[in-house]
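Each chain is listed here by its residues.
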Amino acid sequence: FSLELDVPTATPAIDLSSVVVCSNNKGRLHIPIQTTIRDENVGLTALLDSGAEGVFMDENFVRKHCIPTEIVEPPILARNVDGTANQGGTITQKTNLHIRVGDIDMQQEFLITNLGQHAAILGHPWLEAWNPQVDWQARTMDISGMEAQVASLGRTNKSTALAQAERKQDTRPL
């Protein structure tokens with residue numbers, strides 16, 4: 001099974017506490033994903049970005065669809081690549097959604113921030129965990145090998161930024 005991917009238009013990059021949220025145009029493609037929110041099927045386009053160091057969802061998309069969220073502890077300061085504060089400010093929320101990519105179902109944790117024109121970004125941690133075969137020149141992604149990954153991972157895929165924040169929190173003295 002192969003997915004045809006859209007070539008994105010130029011988008012400003014976002015840096016998240018030294019974690020790159022969105023890299024340059026060369027490493028980015030868009031893929032369709034599905035989720036179910038309160039028994040309603042919702043389709044969205046996710047930016048597939050090999051240079052992004054996390055998995056993110058846009059705060060406006062979350063608000064529009066009334067997606068349940070959880071608190072991120074400790075909060076993560078969001079910055080743009082040029083060092084300026086991101087319009088979304090500090091990341092204080094996350095969500096865990098059942099998503100469908102092609103014929104593959106999975107659980108995914110997203111950090112919530114301002115992504116501008118993108119509903120979601122599936123970055124390097126997602127690519128590493130699921131290891132789809134991407135042909136960057138043809139703009140296609142073969143997900144047939146991902147079925148084995150679903151069985152072996154069987155857990156929520158956390159974003160790198162959140163995992164790092166949790167590790168820092170766990171090492172604090174009581």
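Residues numbered from 1 in each chain as written. Predicted model: local features only at pLDDT ≥ 70, side-chain atom pairs only at ≥ 80, totals over all residues. Heavy atoms only, no water.

## Remarks on the environment of Gln 108
Its place among the elements puts Gln 108 in strand β9 (residues 104-113). When the C-alpha atoms of Gln 108 and Thr 95 are compared, they prove to be 8.3 Å apart, with 13 residues separating the residues in sequence. (Helix = DSSP H or I, 4+ residues; strand = E, 2+ residues; numbered from the N terminus.)

## So, the nonpolar core
The biggest cluster of nonpolar side chains holds 29 residues, and the ones touching the most others in it are Ile 31, Leu 48, Met 57, Val 101, Phe 110, Leu 122 and Trp 126. For this core, the secondary-structure elements that each account for two or more residues are β4 (28-37), β5 (40-49), β6 (55-58), α1 (59-64), β8 (85-101), β9, β10 (120-122) and α2 (124-130). When near neighbours in sequence (up to four residues on either side) are disregarded, Leu 122 contacts Ile 31, Ala 46, Leu 47, Leu 48, Asp 49, Gly 54, Val 55 and Phe 110. Core analysis: the next-biggest nonpolar cluster, separate from the first, contains ten residues, Leu 47, Ala 52, Phe 56 and Ala 78 among them. (Core = buried A, V, L, I, M, F, W, Y, C linked by side-chain atoms within 4.5 Å. Buried < 20%, exposed > 50% of the residue type's maximum accessible area, 1.4 Å probe, protein only. Contact = heavy atoms within 4.5 Å.)

## Overview of the pairing of β9
In terms of residue burial, β9 counts as a mostly covered element, since eight of its ten residues are buried. In this sheet, β9 lies alongside β6 in parallel orientation, the contact comprising three bridges. Residue pairing for β9: Asp 58 is matched across the bridge by Thr 113. Alignment of β8 against β9, held across eight bridges, turns out to be antiparallel. Note on β9: the bridge partner recorded for Val 101 is Ile 104. Here β8 folds back onto β9, and the loop between the two strands holds two residues, one of which, Gly 102, carries a positive phi near 60 degrees. (Pairing = 2+ DSSP bridges.)

## Focus on unusual backbone geometry
In this structure, the amide linkage connecting Glu 73 to the following residue, Pro 74, adopts the cis form with an omega of -5 degrees. Along the chain, the position of Pro 74 falls in strand β7 (residues 70-80). Residues other than glycine seldom take positive phi values, yet Asp 39 does so here, at roughly 65 degrees. Residue placement: Asp 39 occurs in the loop between β4 and β5. Here the phi dihedral of Cys 66 falls at roughly 50 degrees; this positive angle occurs in a residue that is not glycine. Among the structural elements, Cys 66 can be located in the loop between α1 and β7.

## Remarks on the pattern of salt bridges
Taken as a whole and assessed by the stated rule, the structure comprises two salt bridges. With a closest N to O distance of 3.9 Å, Glu 109 and Lys 94 form a salt bridge. Here Lys 94 lies in strand β8 and Glu 109 lies in strand β9, a separation of 15 residues in the sequence. This pair shows no difference in class: Glu 109 is buried, exactly as Lys 94 is. For the salt bridge of Asp 105 with Arg 100, the shortest nitrogen-to-oxygen distance reads 2.4 Å. (Salt bridge = Lys/Arg side-chain N within 4 Å of Asp/Glu carboxyl O.)

## Some words on the environment of Ile 37
With respect to the element layout, Ile 37 can be found in strand β4. Separated by 29 residues in the primary sequence, Ile 37 and Cys 66 place their C-alpha atoms 8.2 Å from one another. Aside from chain neighbours lying at most four places away, what touches Ile 37 is Val 42, His 65 and Ile 67.

## Quick word on the environment of Ile 91
By secondary structure assignment, the location of Ile 91 is in strand β8. For Ile 91 and Pro 75, which are 16 residues apart along the polypeptide, the C-alpha to C-alpha distance reads 5.6 Å.

## What to know about the confidence of the model for the protein chain
Summing up the model confidence of the protein chain, the mean pLDDT is 74 and the portion of residues at 70 or higher is 64%. Of all helices and strands in the protein chain, the one with the weakest mean pLDDT is strand β2 (residues 14-16) (40), whereas α1 scores best (95). Contacts from residues 1-20, a stretch scored under 50 in pLDDT, to residues over four places away or in other chains number 80 contacts. In this model, residues 169-174 is a region of pLDDT below 50 whose contacts with residues beyond four sequence positions or in other chains number three contacts. (pLDDT = per-residue confidence, 0-100.)

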